[in-house]
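Residues per chain, in single letters:
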Amino acid sequence: MDTVSVHDKTVAELAAGLAAGTYSSEELTRDCLQRINGIGSELNAFVTVAEEHALTAAREADRRRARGEAGLLSGIPLAHKDIFCTNGIRTSCGSRMLDNFISPYDAHVVERMQTAGMVMLGKTNMDEFAMGSSNENSFYGPVKNPWDTTAVPGGSSGGSAAAVAARLVPAATGTDTGGSIRQPAAMCGITGLKPTYGRVSRYGMIAFASSLDQAGPMARSAEDCALLLEAMAGFDSRDSTCVNQPVPRYSETLDADLKGLKIGLPKEYFGEGLDAEVARVVDAAIEEYRKLGVEFREISLRNTHLAVPAYYVIAPAECSSNLSRFDGVRFGHRCENPRDLEDLYKRSRGEGFGAEVKRRILVGTYALSAGYYDAYYLKAQKVRRLIRDDFLAAFGEVDAILGPTSPTVAFNLGERSDDPVKMYLSDIYTIAVNLAGLPGMSVPAGFAHGRPVGLQLIGNHFDEARLLNMAHRYQQVTDWHTRAPEAFA
Amino acid sequence: MQWEVVIGLEIHAQLATRSKIFSGASTAYGAEPNTQACAVDLGLPGVLPVLNAEAVNMAIKFGLATGCTVAPRSVFARKNYFYPDLPKGYQISQYELPVVHDGEVILELEDGGTKRVGLTRAHLEEDAGKSLHEGFEGVTGIDLNRAGTPLLEIVSEPDMRSAKEAVAYMRKVHSLVRYLGICDGNMQEGSFRCDANVSIRPKGSDKLGTRTELKNLNSFRFVERAINYEVERQIDVIESGGEVVQETRLYDSVKHETRSMRTKEEANDYRYFPDPDLLPVEITEADIERVRAELPELPDAKRLRFMEQYQLSAYDASLLTSAREVADYYESVVTASGGEGKLAANWVNGELTAALNRDGRDIGESPVTPESLGALVARIVDDTISGKIAKDVFEAMWNGEGEPDAVIEARGLKQVTDTGALEAMVDEVIAANPKQVEQYKAGKDKLLGFFVGQCMKASGGKANPAQLNELIRKKLAD
C-alpha cells in the first residue's frame, strides 16, 4: 500500500477526507506511525508506540465505515498522554515506578475516545507523574521542542504537545494540574484546552493533585479541540467530582459573532516578569480581537502573586498522599531482595521515583504534618478561595479574560533544571486557573525569539463554548496555528 | 489510696451494606482471598472512590437512635500511613466533621438504676485488608477482601467507671445496631469490635489520668478481662512510684495480659486532610425524616411497651428486648398463645432460654418455633396439660417430636379432668392410707399435700391439680 501524506491536516479535515473516502483510516494510521518512528523519533515524544493495536483499531474503523456505522471522529489517529490508563498497554506516567505497569482497565477518557472510533497510536512522554514544566523530569528522557530541538517543549504534557506540533499525530490528550496542557501548547505552537474542573472524568487518569487535575484536548485548531472535547466530556458516575451537566455541541457555536464581547486584561498578567517580546505578541492579538468587535477593559486579579505559593502547598500535599499507593507491594517497581517491610518501602520508592517527585512528596508531607497543617495547608486553601473569588468578581464585569499563557517562550533544555523556583514561575499565569477550577485555553499567537507564543483565554465555569468560539474566530483571521516547524512541515 | 477507673470505648461496627463503602465489590464474608477486591479496593493507579449512600443512611439511623445530631455537612478525610494491607497508603475516614455527633446511650444497671454514657461521635470509614501470616513461609500474605468494607466508628465519652459498665455499654450498642439492622454484630468474624481507653485517678479527682488504649477486644468477655487486667497494672505502676505511659497496648487473650504495641512517641502522624476525591456529604432535613420513618421500634421503647401491654416486670421486659430477634420471637409466641403475655414471657425467659444456652444456639436456630411454643402455652391455659407436664412436652418438641398437640396425644399426656375418674383415684388412695387419713382428720392439715402427691403419682402426673385438691378436701371432710 502506498503511504499517503496527510500529516498536515487537522482533525476536521481528516474527518471530511475519511467520510469522502479520499483515504482510509489504515492509510492515515500508517502515515502517522511512519512519522512517529521516522522523522519524529528524535523528539522522544512517545514512551510507547502501540503499532499493532493502532492498525487493528484502524482496520476496524474502516470496516465500520464500510458498514455505514462511522461517527465523525471514527478512524482518526490520536495519542494519549501516558497518564491515562490503557488496558493491556503499558501506562508508565513517565516514571520508573510504573515502567512495568500494565493497567487492567481503560481510563474514562480512553473509553470515550475509543467509543468515538478514534485510533490510539501510543502513549506520549511526560514529566514524571505530571510534575514538571519542561518534560525534563521523565524517566524516559526529555522531549525536544520541534521548533528548536535545543529547547524544551514545556510540560508536563510535553510529549503530546511536541507530537501534535511536529505533525506526528493530529491530536492528543493531555492533563493540566497547573498549566500542563496550556504551557506546552504555548511553547509548541498548538491549541490546547483545559476544561472546567469536573467537566471530564478523572477516572483512570493517574492522580497528581486530585482537586486540580483535569484532562483536555491538544490539537492544532480550536475547531479540533471542540470536536475532541465533545467526545471527551460527559458525566461519569465513577468520579464523584465529575459534574452531571449536559455537554454542549461546542463545534456548532464556533462561528458566533464576537461583537460587543467584553474581555478583561488582568494587569497582574502584564507586569514584571513578562518577556517584552511575548508582551508584543499578546498586544498584537488584542488588536486582532478589537478588529473583531471585542471590547477590552483592564481588570485586577489582586491575589495573583499568591497563586504559585498556594499551589506549591496544595498540589504537593495532595500528591504526597496520592503517591503513597506506589509502595512496591501490589504493582509497580519493587526493589530487589527487601530485608523487611521498611526496606521494601524505602528502596522501592527511593529507586522508583525521580528527584522532582521526591521533592514534592517531601514538601507535601511536611505541609500536612501535625503542627504545620494550619499554617500551610489550611492557609493555602484560604488563599485558593480568595483567588477564586477574584475571578468570579471579574466575571461579573467581563465575559472572558485574556493574557499570555507563559511569561516566556520555551527555554533551553537544562536551562532551569537546577532552579525549581524559576521552573515553577513558568506556570505563573496558568496555575490560578486550576486553583479556581476554571476553563483555560492556549492559542498560538505568533513568535518571540523565534519560538512560539501562546495566548491564554480564561472563561467562567463551564464556559468552554465561549473560549472555543473566541479562539476559532481568531484562528479564522490569523494563520499562526497553521504554521509548522520547518523540519516537520 | 482509692482509685477511680475511667473508661471510654471506640466501637467499630461493620455496616451491613451489600457492597463496599467506596466501590461496588461485595462485602460478603469468607470468600477466597482477593476475590472480592475490585480495582478501587486494590488502589490501582487512576481509580476513584464513590460513596455508598446506604452506608450514610445506616449512620443516620444510628445517630437518630442515640439522640445524636446528624451533621448537615460532613467530610471524608485521608488518614495517611503505610501498611501492606492498606492499599492506597491512606484510609478514607472522617476526622473533623463526622456524620453524627453528641448523643447518648442509657444503660440499665443491675440495681435497677440507670447510667448515661455520652457519645462523642460516630463516623464512617473504610476497613483495611488483612495480613495473613499462617501458611506462608518467609512472606506475609495480603487478603484485600475486607478492604473498603464500611465501618461505623462509635466513640464514647470517658463515662464508664468499671469494666462491668463498659461491657454493659458495649452490649447495649451491640443490641442497638442489630435492632437497627445496620450491623450483624458477629464478633467472631470481626463485624463488631472495640478498643478501650483506660485510665485511673484518685477517687474524687476531676483530672483525667494518663490513658492507655487497649486493642483487639473482640468479645464481651475479653473487654471485661482486659480492662480489669489493665486497671490492676496501672494501679501497680502508680503505687510502686512509676507513671503510666500513654501508649497502645494489645490484649493477648491466651496469656490474659496486655502488652505495649507502641508509645505516643512512636505513634504515626496521620496527616489528615479532606479527601479531594470525595465531595462533602450533605444531609438534608428531608433525608433525616425519610430515615426516621424507616426506624424500627428501639429497645427502650419496646421494653416500656412490653411492661405496659403484657404486664411484665422490668426485668422480664428487659431480657426479652435485649435482642430484636428475642423480642420478635416473644411477640409471636404471645400471638400464637392467644394473648398470654405473662406466661409466654416465663416460657421464653425460662425453658426456651435454658435450652438454647444448654445447646449453645441462637434464638434463630431454635428447633421450637414461636408458633409451636405459643400453642403449648395455650394448652396450659386451657387445662389440657399442667405446667409441669408442659415441660416434658417442650423437651419432646425440642427433640423434634412435633407439635404440642401431637406430642400430648402420642404420649397420652392429656390432663385428667373427668370427675368420675379422679374420684375413683382419690378413693383408692384414701383406702390405701388409713393411718394418714386418721392423722389428717385429727387436724394434721399438712397431709393434704401427701394425698395430692399420691394421686398425682397414680395419674402419671396427668391429674388436674386444682380439681384434685378440691376433691380430696371434700372426700376427707366426709
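Preceding this section is the structure that the text describes.
Residues numbered from 1 in each chain as written. Chains lettered and ligands numbered in written order. Predicted model: local features only at pLDDT ≥ 70, side-chain atom pairs only at ≥ 80, totals over all residues. Heavy atoms only, no water.

Q: Would you mind showing me how to read the overall build of chain A here?
A: What chain A contains, in helices and strands, is 15 helices and eleven strands. A principal-axis box enclosing the C-alpha atoms of chain A has dimensions of 65 × 55 × 45 Å. The buried share among the 489 residues of chain A stands at 64%. Once local pairs closer than 6 in sequence are excluded, the contacts in chain A between residues at least 24 apart make up 76%. Looking at chain A as shown, the accessible area adds up to about 16600 Å², and 49% of this sits on carbon and sulfur atoms. (Helix = DSSP H or I, 4+ residues; strand = E, 2+ residues; numbered from the N terminus. Buried < 20%, exposed > 50% of the residue type's maximum accessible area, 1.4 Å probe, protein only. Contact = heavy atoms within 4.5 Å. Areas by Shrake-Rupley, 256 points an atom, 1.4 Å probe, with all protein chains shown as cover.)

Q: In this structure, what is going on with the overall build of chain B? I would like to understand it.
A: Looking only at helices and strands, chain B has 16 helices and 16 strands in total. On C-alpha atoms alone, chain B measures out to a radius of gyration of 30 Å, which is more than a quarter above the 23 Å that the 2.2 N^0.38 rule sets for 478 residues. Its C-alpha atoms put chain B at 95 × 55 × 55 Å along the principal axes. Per-residue burial over chain B gives 50% buried out of 478 residues. Sequence-distant contacts in chain B: of pairs separated by 6 or more residues, those separated by 24 or more amount to 68%. Within the structure as shown, chain B displays about 22500 Å² of accessible surface, and the carbon and sulfur contribution to it stands at 49%. (Rg over C-alpha atoms; globule rule 2.2 N^0.38 Å.)

Q: I keep staring at the pairing of strand β1 (residues 3–14) of chain B and nothing clicks. Help me out?
A: Put simply, side chains in a regular strand alternate between the two faces of the sheet. Residues and elements named next belong to chain B. For β1, the tally of buried residues reaches twelve of twelve residues, placing the bulk of the element in the interior. Alternating positions in β1 separate into two faces, W3, V5, I7, L9, I11 and A13 on one and E4, V6, G8, E10, H12 and Q14 on the other, with burial throughout. Here β1 runs beside strand β11 (residues 192–202); their pairing, made up of eleven bridges, is antiparallel. Looking at β11, one finds that H12 is bridged to R193. Note that β1 and strand β10 (residues 150–156) share five bridges and pair antiparallel. Note on β10: the bridge partner recorded for H12 is E153. (Pairing = 2+ DSSP bridges.)

Q: Help me out: how do you make sense of the nonpolar core in this one?
A: Nonpolar side chains tend toward joint burial in soluble globular proteins. Core analysis: the largest hydrophobic core is formed by 121 residues, its most contacted members being F129, Y289, F391, L402 and L457 of chain A. Broken down by element, the residue count for this core peaks at nine residues, all from helix α9 (residues 307–322) of chain A. Counting 66 residues, the second-largest nonpolar core is a separate cluster that includes A122, V198, V291 and L298 of chain B. (Core = buried A, V, L, I, M, F, W, Y, C linked by side-chain atoms within 4.5 Å.)

Q: Explanation requested: the environment of T408 of chain A in the structure shown.
A: Residues and elements named next belong to chain A. Mapped onto the fold, T408 is located in the loop between β9 (400–404) and α13 (420–424). Take T408: its relative accessible area is 23%, and that puts it in the partly exposed class. Separated by 359 residues in the primary sequence, T408 and V49 place their C-alpha atoms 32 Å from one another. Excluding residues within four positions of it along the chain, T408 makes contact with M187, D275, V278 and R416.

Q: So what exactly am I meant to see when it comes to the interface of chain A and chain B here?
A: Size of an interface: often given as the accessible area lost when the parts come together. On the side of chain B, 29 residues touch chain A, which itself brings 38 residues to the contact. Summing both sides of the interface, chain A and chain B together bury roughly 2700 Å²; the carbon and sulfur share of this comes to 58%. For the pair chain A and chain B, the interface holds one salt bridge. Here D277 of chain B ties to R202 of chain A by a salt bridge, and the two come within 3.1 Å at their closest N and O atoms. At the junction of chain A and chain B, the tally comes to 17 residue pairs in polar contact (both at pLDDT 80 or more). Counting only elements with at least two residues in the side of chain A that touches chain B, the list comes to α9 and α10 (341–352) of chain A. Take the side of chain A that touches chain B: its biggest share by element is four residues, from α9 of chain A. (Buried area = accessible area lost by both parts, 1.4 Å probe. Salt bridge = Lys/Arg side-chain N within 4 Å of Asp/Glu carboxyl O. Polar contact = N/O pair within 3.5 Å; in protein donor to acceptor, adjacent residues only side chain to side chain.)

Q: Please explain the packing of helix α7 (residues 222–232) of chain A against helix α15 (residues 464–477) of chain A as it appears in this structure.
A: For any two helices packed against each other, the geometry is given by the interaxial angle and the distance between the axes. Residue and element names in this part refer to chain A. For the pair α7 and α15, interaxial distance at closest approach is 8 Å and the crossing angle is 155°. Here α7 lies roughly antiparallel to α15, going by the angle between them. Between α7 and α15, the residues in contact are A222, E223, C225, A226 and L229 and E464, L468, A471, H472 and Q475, respectively. The residue inventory of the contact of α7 with α15, partitioned by class, reads six nonpolar, two polar and two charged. (Axes fitted to C-alpha atoms, helices over the stretch in contact; angles between N-to-C directions. Parallel < 35°, antiparallel > 145°, perpendicular 65-115°, else oblique. Nonpolar A, V, L, I, M, F, W, Y, C, P; charged D, E, K, R; others polar.)

Q: Whenever I open this one, empty space enclosed by the protein confuses me. Can you help?
A: Picture a little ball the size of a water molecule; that probe, rolled over the atoms, points out where space is still empty. All names here are of chain B. One pass over the full model with this rule turns up six cavities of 30 Å³ or more. For the largest cavity, the lining is made up of 19 residues, of which F22, V40, D41, K88 and E126 are closest to its centre. For the lining of the largest cavity, the secondary structure elements donating two or more residues are α1 (39–42) and β5 (90–94). Taken together, the residues of the lining of the largest cavity sort by class into eleven nonpolar, two polar and six charged. (1 Å grid on protein atoms, 1.4 Å probe; cavity = no way out; pocket = protein on both sides within 12 Å on 5 of 7 lines; lining within 4 Å. Points joined across faces, edges and corners; volume = space filled by probe spheres on them.)

Q: Looking at this structure, how should I read helix α3 (residues 163–179) of chain B?
A: Note: α-helices contain 3.6 residues per turn, so residues at a spacing of three or four share the same orientation. If you check α3 of chain B, its first and last C-alpha atoms are 24 Å apart, about what 17 residues at 1.5 Å a residue would give, namely 24 Å. Positive phi shows up at G181 of chain B, right after α3 of chain B, with a value of about 70°. (Expected span 1.5 Å × (residues − 1).)

Q: Just checking my understanding: could you explain the sheet that holds strand β15 (residues 273–274) of chain B for this structure?
A: Residues and elements named next belong to chain B. Judged by pairing direction, the sheet is antiparallel, and its three strands sit side by side in the order β5-β4-β15 without closing on themselves. Unpaired on one side and paired on the other, β5 and β15 mark the two borders of the sheet. With five bridges connecting them, strand β4 (residues 76–80) and β5 associate as antiparallel partners. Within β5, the position partnered with F76 by the bridge is Q94.

Q: Would you explain the packing of aromatic side chains in this entry?
A: Between two aromatic rings, the relevant description is the distance of the centres plus the angle of the planes. As enumerated under the stated definition, the model contains 31 aromatic pairs over all chains in all. The interplanar angle of 45° and the centroid separation of 5.2 Å between the aromatic rings of Y345 of chain A and F82 of chain B together place this pair among those described as tilted. With Y345 of chain A in helix α10 and F82 of chain B in the loop between β4 and β5, this pair bridges two chains. Relative accessible area serves as the criterion here: at 10%, Y345 of chain A is assigned to the buried category. Taking relative accessible area as the criterion, F82 of chain B reaches 31% and is therefore assigned partly exposed. Judged by centre distance (6.3 Å) and plane angle (35°), the rings of Y372 of chain A and Y376 of chain A are tilted. (Phe/Tyr/Trp six-rings, centres within 6.5 Å; stacked < 30°, edge-to-face > 60°.)

Q: I'm lost on the pattern of salt bridges in this one. Help?
A: One side chain can pair with another of opposite charge once the charged atoms of both are near each other. Residues and elements named next belong to chain B. Summed over the entire model, instances satisfying the criterion amount to 65 salt bridges over all chains. Between R249 and E230 there is a salt bridge whose closest N-O contact spans 3.4 Å. Of the two residues, R249 is situated in strand β13 (residues 247–252) and E230 in helix α4 (residues 220–239); the sequence distance between them amounts to 19 residues. Note on R249: relative accessible area 8%, which makes it buried.

Q: I tried to follow helix α16 (residues 465–477) of chain B on my own but got confused; where do I start?
A: Residues and elements named next belong to chain B. Compared with an ideal rise of 1.5 Å per residue, which puts 13 residues at 18 Å, α16 spans 18 Å between its outermost C-alpha atoms and is within 8% of the ideal. Elements in contact with the buried residues of α16: α13 (419–432), α14 (434–441) and α15 (448–458). By the N-cap criterion, in which a side-chain oxygen at the helix start approaches the backbone nitrogen of a residue two or three places on, α16 is capped by N464, the distance to A466 being 3.0 Å.

Q: I keep staring at the sheet that holds β10 of chain B and nothing clicks. Help me out?
A: Adjacent strands of a sheet pair through backbone hydrogen bonds, lying either parallel or antiparallel. Residue and element names in this part refer to chain B. Here nine strands make up an open sheet; going across it, the order is β2-β6-β7-β10-β1-β11-β12-β13-β14 and the pairing mixed. Whereas interior strands pair on both sides, the edge strands pair on one side only; in this sheet they are β2 (69–70) and β14 (257–263). Here β13 runs beside β14; their pairing, made up of six bridges, is antiparallel. Within β14, the position partnered with Y251 by the bridge is T258.

Q: Would you take a moment to explain the environment of A16 of chain B for this structure?
A: Residue and element names in this part refer to chain B. Structurally, the position occupied by A16 is in the loop between β1 and α1. Among the residues examined, A16 registers a relative accessible area of 44% and is labelled partly exposed. Spatially, the C-alpha atoms of A16 and T27 are 8.2 Å apart, while their sequence positions differ by eleven residues. Apart from residues no more than four positions distant in its own chain, A16 is found in contact with M58, G181, I182 and C183.

Take it as geometry only, folks, not as evidence of what the structure does.
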